[in-house]
Amino acid sequence: EMGKAALLAGREHEAELFYEDAQHVLLQMKGQNVLVAQAIYGVGIALWRQMKLHEAYVTLGRALLFFDDDHAPDKVHVLIDLAHLLIIYMGQQDKGMVFARQALDIARDLGEAMLKTIACRIVTGNLLLQGSDLAPAVQMLEQALEQVQQEDDLVEIGECYLNLSVGYYWVARIKQSYEVNRQRIALAERSPQLHQLRTAYLWPILLLISQGKWAEAEQYIERAQSIVNPLE
């Protein structure tokens, strides 16, 4: 619980230490594999938010080994994050899609609508990165956003905003791309989590510069610098 709290507070290194302590304690106990997996998963997320990408990938993969039930909902979350990490952050689309499709299959078997929506978003976002099937992909992302808004899942709403802003850009709906990212910024500013804010201001810079709106772009650059400069 301290690890979760530290992540919410944007104190990723402390979260890493808390989750590692939990992992060491739980490994000495019998029948606690699910909690061990959750602790290792927490370490992986904390590493990811510190941009230690390869370490995060290895750690999340290790978390999968402790799920006794192949159809555990928590396992779907780990698979989804592995897919997201590989596709978006490490540029390994094919490898990431293996995890995304596995997550989608399990979510369908479980009948978990929310998990299915998240896994579909990852798969659809990869189609956008490859520049194929753009119009159907954007439509699927719009449907995903509607569903997660009904569930009031703020983290997933932010991810849908991110994917949609890219999707709208690829189909030349520039104003919609800008508006969706503006909503993403407003959502990210409600919390102190820098892992969201450090990228949120970069997309409108591209959109504004491509429209020749130099003064507005410079304002976003200043905001982005104020957040990114203090980071390691």
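Description of the structure in this document. Given the structure is predicted, the values throughout are model-derived calculations rather than measurements.

### Structural notes on the overall build of the protein
A count of helices and strands for the protein gives 13 helices and 0 strands. Ordered by position from the N terminus, the helices and strands of the protein form the series α-α-α-α-α-α-α-α-α-α-α-α-α. For the protein, the C-alpha radius of gyration of 18 Å lies close to 17 Å, the compact-globule estimate for 232 residues. In terms of its C-alpha atoms, the protein occupies a principal-axis envelope of roughly 60 × 40 × 30 Å. Counting over 232 residues, the protein shows a buried share of 45%.

### Considerations on unusual backbone geometry
Within the chain, Met 51 stands out as a residue other than glycine whose phi angle is a positive 65 degrees. Structurally, the position occupied by Met 51 is in the loop between helix H3 (33–49) and helix H4 (53–64). Judged by its relative accessible area of 40%, Met 51 is partly exposed. Even without glycine at this site, Ala 172 takes up a positive phi of about 65 degrees. Considering the arrangement of structural elements, one finds Ala 172 in the loop between helix H9 (154–170) and helix H10 (174–188). Accessibility expressed as a relative area gives 59% for Ala 172, which makes it exposed.

### Focus: helix H5 (residues 73–89)
Taking 1.5 Å of rise per residue, 17 residues should cover 24 Å, and H5 covers 24 Å from first to last C-alpha, within 8% of that figure. Of all the 17 residues making up H5, 12 are buried; the element is thus mostly covered by neighbouring parts of the structure. Inspection of H5 places Lys 75, Val 76, Val 78, Leu 79, Ile 80, Asp 81, Leu 82, Ala 83, His 84, Leu 85, Leu 86 and Ile 87 among the buried residues, and these make up the whole buried set. Just beyond H5, the residue with positive phi is Gly 91, at close to 65 degrees.

### With respect to a nonpolar patch on the surface
Judged by side-chain polarity, Met 51, Ile 88 and Tyr 89 come together as a nonpolar surface patch covering roughly 260 Å² of accessible area. Looking at where Ile 88 falls in the secondary structure, it is placed in helix H5. The exposure class of Ile 88 is partly exposed, given its relative accessible area of 40%.

### Details of the environment of Leu 115
Within the secondary structure, Leu 115 sits in helix H7 (residues 113–129). Taking the C-alpha atoms as reference points, Leu 115 and Ala 103, separated by 12 residues in sequence, lie 8.1 Å from one another. Non-local contacts of Leu 115, meaning those with residues more than four positions away in its chain, are made with Pro 73, Val 76, His 77, Ile 80 and Ala 107.

### Let's talk about the packing of helix H12 (residues 202–210) against helix H13 (residues 214–228)
Orientation of H12 relative to H13, taken along the N-to-C sense of each, is 165 degrees, at an axis distance of 8 Å. Classified by the angle their axes make, H12 and H13 are roughly antiparallel. Seen along the crossing, H12 lies across H13 with a hand that is left-handed. Contact residues: H12 offers Leu 202, Pro 204, Ile 205, Leu 208 and Ile 209, while H13 offers Trp 214, Glu 216, Ala 217, Tyr 220, Ile 221 and Ala 224. Residues that form the contact of H12 with H13 fall into these classes: 10 nonpolar, no polar and 1 charged.

### Looking at the pattern of salt bridges
Taken as a whole and judged by the stated rule, the model has 4 salt bridges. Between Lys 4 and Glu 1 there is a salt bridge, and its shortest N-O distance comes to 3.5 Å. Of the charged contacts, one joins Glu 14 and Arg 11 as a salt bridge, the two residues approaching to 2.8 Å between their closest N and O atoms. You can call Glu 14 partly exposed: its relative accessible area is 33%. Classification of Arg 11 as partly exposed rests on a relative accessible area of 47%.

Definitions and cut-offs
- The residue numbers shown here count from 1 along each chain, following its written sequence.
- Confidence filtering applies because this is a predicted model: local features only for residues at pLDDT of at least 70, side-chain atom pairs given and counted only at 80 or more, and all residues used for totals across whole chains, interfaces and linings.
- Side-chain descriptors were evaluated using all non-hydrogen atoms of the structure, hydrogens and water having been removed beforehand.
- The secondary structure listing takes helices from DSSP runs of H or I that are at least 4 residues long and strands from runs of E that are at least 2 residues long, numbered from the N terminus.
- For this measure, only C-alpha atoms enter the radius of gyration; the expected value for a globule follows 2.2 Å times N^0.38, where N is the number of residues.
- Only protein chains enter the accessibility calculation, which uses a 1.4 Å probe; a residue is then buried when its area is under 20% of its type maximum, exposed when over 50%, and partly exposed in between.
- One less than the residue count of a helix, multiplied by 1.5 Å, gives the span that helix is expected to have.
- Candidates for patches are residues over 30% relative accessible area with no salt bridge; among them, like charges are joined within 9 Å and nonpolar side chains (Val, Leu, Ile, Met, Phe, Trp, Tyr) within 5 Å.
- Under the convention used here, a 1.4 Å probe and the Shrake-Rupley method define accessible areas, while residue burial counts only the protein chains that appear.
- Should a side-chain nitrogen of Lys or Arg be within 4 Å of a carboxyl oxygen of Asp or Glu, the pair is scored as a salt bridge.
- Here, residues are in contact when the closest pair of their heavy atoms is within 4.5 Å.
- The convention used is that axes are lines fitted to C-alpha atoms, helices contributing only their stretch in contact, and that angles between N-to-C directions extend from 0 to 180 degrees.
- The cut-offs work like this: below 35 degrees is roughly parallel, past 145 is roughly antiparallel, 65 to 115 is roughly perpendicular, and the gaps in between are oblique.
- Crossing handedness follows the turn of the near helix against the far one: under a right angle anticlockwise gives a left-handed crossing, and clockwise gives a right-handed one.
- Three classes are used: nonpolar for Ala, Val, Leu, Ile, Met, Phe, Trp, Tyr, Cys and Pro, charged for Asp, Glu, Lys and Arg, and polar for all others, with Gly counted as polar.

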